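Structure assessment
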Amino acid sequence: MIQEPETYDPEHPAGFEPEATRRDAGVTESTHANRGWWDRNADEYQIDHGTFLGDDRFVWGPEGLDETEAELLGPAEELKGREILEIGAGAAQCSRWLAAQGALPVALDLSHRQLQHALRIGGSFPLVCADAGALPFADGSFDLACSAYGALPFVADPRLVLREVRRVLRPGGRFVFSVTHPIRWAFPDEPGPEGLSVSASYFDRTPYVEQDEEGRAVYVEHHRTLGDRVRDVVASGFRLVDLVEPEWPAWNTSEWGGWSPLRGNLIPGTAIFVCERD
């Protein structure tokens, strides 16, 4: 833990309970809400999930698929000297793993508080606090880019992010990102048997919003169908190389929100898109 007081938020004092709903939320509202949410919840997130994520592991999602075995960015021995952008880095665990392979990562996150945890753990690579939809880098700055549940599930217009990533990648560069598997939106976010019955339309793209008493969004997550995600990738100038749906491994007995061994053995929880810029 970082031993300093949390930033006081006069709009959302400690103890307030947001209302969960489904409603429209645009780019600006989503960005503002999610920056505030991650700043307020970064400490709890790292306490709850820091052991699973480790300090220097590259895990693609709650199933525990590790880049060491998956090699979705390429063989580890070929990462040395490659300039790599991690988007939605959190405490920069993935960047720390990349640096250990000899790569030259840059860890970017919207949340200042998440990056404070990256500082707490340590590392010699740059940390950048910025919006993934407006990357502060020159064209062709990176060989590779990656995002493990970062940015894409939380933005109203994923093509803004994808086009920015394509812009900062060099020709032939690869972008690999993971998101909640779209089918999960049709089921309740529960790890037990109650999470196994369809409760909503898979085709309802209305965002999930948590809002305060004034109706201001404090957390926003956006749903895209699998077809939407593929079209977003292609329309943004990428070629889709692979779509990975990790199976739940026998060794993983943990629960993470709605992810669990029970559900993971029946329905996919994560979708990983492997894209290349031609």
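Predicted model only: the values in this text are computed from it and were never measured.

Rules used throughout
- Residues numbered from 1 in each chain as written.
- Predicted model: local features only at pLDDT ≥ 70, side-chain atom pairs only at ≥ 80, totals over all residues.
- Heavy atoms only, no water.
- Pairing = 2+ DSSP bridges.
- Helix = DSSP H or I, 4+ residues; strand = E, 2+ residues; numbered from the N terminus.
- Axes fitted to C-alpha atoms, helices over the stretch in contact; angles between N-to-C directions.
- Contact = heavy atoms within 4.5 Å.
- Buried < 20%, exposed > 50% of the residue type's maximum accessible area, 1.4 Å probe, protein only.
- Right-handed = clockwise from strand over helix to strand, strands pointing away.
- Core = buried A, V, L, I, M, F, W, Y, C linked by side-chain atoms within 4.5 Å.
- Phe/Tyr/Trp six-rings, centres within 6.5 Å; stacked < 30°, edge-to-face > 60°.

1. What about the sheet that holds strand β2 (residues 83-87)?
An order of β4-β3-β2-β5-β6-β10-β9 is seen for the seven strands of this open sheet, with the pairing classed as mixed. Looking at which strands have only one partner, the edges of the open sheet turn out to be β4 (127-129) and β9 (238-244). Across this sheet, the average inter-strand angle for adjacent strands is 20 degrees, counted without regard to direction. The strands that helix α3 (residues 93-100) touches are β2, β3 (104-109) and β5 (142-148); relative to β3, the one it contacts most, it runs at about 175 degrees.

2. Notes on the pairing of β2
Counting buried positions over the five residues of β2 gives four, a clear majority of the element. Bridge count for β2 against β3 is five bridges, and the pairing is parallel. Bridge pairing links L85 to V106 in β3. Each parallel crossover has a hand, and the one from β2 via α3 to β3 is right-handed. Where β2 and β5 come together, three bridges link them in parallel fashion. Bridging from a neighbouring strand, E86 pairs with C146 of β5.

3. Quick look at the nonpolar core
Judged by nonpolar contacts, the single largest core of 27 residues is most densely connected at L85, F137, V165, F175 and F177. Those elements giving two or more residues to this core turn out to be β2, β3, β5, α5 (158-168), β6 (169-180) and β10 (270-277). Listed in part, the 18 residues of the second largest apolar core include W60, L98, A103 and L144.

4. As for the packing of aromatic side chains
Per the counting criterion, the structure on display carries 16 aromatic pairs. With a centroid separation of 4.7 Å and an interplanar angle of 45 degrees, the aromatic rings of F58 and W60 are classed as tilted. The pair F58 / W60 is uniform in exposure class, with both members buried. For the ring pair F58 and W97, a centre distance of 5.8 Å and an interplane angle of 90 degrees mean the geometry is edge-to-face.

5. Here's the deal with the sheet that holds strand β8 (residues 217-221)
Judged by pairing direction, the sheet is antiparallel, and its three strands sit side by side in the order β1-β7-β8 without closing on themselves. If you trace the sheet from one side to the other, it starts and ends with β1 (19-22) and β8, each paired once. The mean angle between the axes of side-by-side strands here comes to 20 degrees, regardless of whether they run parallel or antiparallel. Each of β7 (208-211) and β8 is contacted by helix α1 (residues 27-53), which is oriented at about 105 degrees to β8, the strand it contacts most.

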